[in-house]
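Structural features, examined
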Amino acid sequence: MLDKIQMQMLTEVADLHGVPEGAYNIRVNGEKAGRNTTANIDIATKTDGKSGIDIRIKPGTKNESVHIPVVLSESGIKETVYNDFYIGEDSDVVIVAGCGIHNCGNQDSQHDGVHRFFVGKNARIRYVEKHYGEGDGAGKRILNPVTEVYQEAGSYVDMEMVQIKGVDNTHRITRAELAEGATMIVHERLMTHGEQVATSVYEVALNGEGSSTDVVSRSVAKDTSEQVFEAAIVGNSVCSGHAECDAIIMDKAHVVAVPKLDARNVDAALIHEAAIGKIAGDQLIKLMSLGLTEAEAEEQIIGGFLR
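These notes cover the structure that comes with them.

Cut-offs used in this document
- Counting restarts for each chain: residues are numbered from 1 in the order of the written sequence.
- Only residues with pLDDT of at least 70 get local features here, since the model is predicted, and only at 80 or more are side-chain atom pairs given and counted; chain-wide, interface and lining totals rely on the full set of residues.
- With hydrogens and water stripped out, all remaining heavy atoms of the structure feed into the side-chain values.
- Within 6.5 Å between ring centres, the rings of Phe, Tyr and Trp (the latter by its six-membered ring) count as paired, and their orientation is classed by plane angle as stacked under 30 degrees, edge-to-face over 60, tilted in between.
- Under the scheme used here, helices are H or I runs from DSSP no shorter than 4 residues and strands are E runs no shorter than 2 residues, and both carry numbers assigned from the N terminus.
- Exposure categories follow from relative accessible area, calculated using a 1.4 Å probe and restricted to protein chains: below 20% of the type maximum is buried, above 50% is exposed, and the middle band is partly exposed.
- For this analysis, a salt bridge means a side-chain nitrogen from Lys or Arg found within 4 Å of a carboxyl oxygen belonging to Asp or Glu.
- A strand pair is defined by DSSP finding two or more bridges across the two strands.
- Here, two residues are considered to be in contact whenever any of their heavy atoms come within 4.5 Å of each other.

Right, let's talk about the packing of aromatic side chains for a bit. Per the stated rule, a full pass over the model turns up five aromatic pairs. Where F85 meets F117, the ring centres are 4.4 Å apart and the plane angle is 5°; that geometry is what we call stacked. Here F85 is found in strand β7 (residues 78-87), whereas its partner F117 is found in strand β10 (residues 109-119), with 32 residues between them in sequence. Judged by relative accessible area, F85 falls into the buried class, the value being 0%. Judged by centre distance (6.0 Å) and plane angle (50°), the ring pair of Y202 and F229 falls under tilted. Taken together, the residues span a long stretch of sequence, with Y202 in strand β17 (residues 197-206) and F229 in strand β19 (residues 226-235) at a distance of 27 residues. Each member of the pair, Y202 as well as F229, carries the same accessibility label: buried.

Now the structure itself:
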């Protein structure tokens, strides 16, 4: 039975207000708190000695979802969890992950999730991963996710990576290898404040002819927080790749965008774009002319920017 704080964390990271429909695995403070499988989606505890689960989705599965949220509500918990997803060919599913940390103690709480996706031929997945932290303790809230994606021919992966509040330190690494005609779309949304530090590293290898990727990060850095965005795209075939960092800096925050484009095929089309700067003064003036204070105008611009 989940308590009020734990349920609030599930709402923040997985938009859950109760037990989800379909397949799910809920992890709370290092232990399984609930699990359900369906005829097409099986979830099993790992048997190789590692902490984590294997999720197997049958070929042709459509219009189903999997929820695998994690909640830490006790101070001092540090864990690494390994989750492997096997997505059968021609399937079309939604996977909702994410971790919420509530830390009111003096010890650091940390969750490191290692997710591997093996996406079958012509399969499609939408993957949503949200990170959230809260609590008035001196202990930090730390999240270090590692995501590996292996896409077979014609597959399509749409990833939404969100971190908007309360995470003191995060280092996200995402690696992908795409076969012929495969597509990977990534939309990252990130906000840091205080002394928070966030690093996002994306490494995508476009191995198959006609493969493509679009990695876009939109972020806001406030106070003295720091962000680093690294995007490496390797074009090993006739392919197309695009990476973009669009960041707003406020106060004394610091944002760095590090591009790496490696065209190993003469017909690889690779592009990197970066725009880092403060909110334009004319934007503030327009909203303030409608009766908003400067702070209210800033919040409205930031809210629209991160949608």
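Having seen the model, we can carry on.
For the rest of this paragraph, the subject is the pattern of salt bridges. Under the criterion given, the structure shown has 14 salt bridges. Where R27 meets E79, a salt bridge forms, and the shortest distance between an N and an O atom there is 3.0 Å. One end of the pair, R27, is in strand β1 (residues 23-28); the other, E79, is in strand β7, with 52 residues separating them in the sequence. Take E79: its relative accessible area is 10%, and that puts it in the buried class. D246 serves as the salt-bridge partner of R218, at 3.0 Å between the closest nitrogen and oxygen.

Another aspect to go through is the pairing of β17. The side chains of a regular strand alternate, first on one face of the sheet and then on the other. Within β17, eight of the 10 residues are buried, which leaves the element mostly enclosed by the surrounding structure. As paired strands, strand β15 (residues 169-178) and β17 are joined by 10 bridges and run parallel to one another. Within β17, the residue paired with T170 across the bridge is A198.

Moving on to the environment of T174. Looking at the secondary structure, you find T174 in strand β15. Here the alpha-carbon distance between T174 and P59, two residues 115 residues apart in the chain, equals 25 Å. Here T174 is in contact with T147, M161, M184, V201, Y202 and E203, once residues within four sequence places are set aside.

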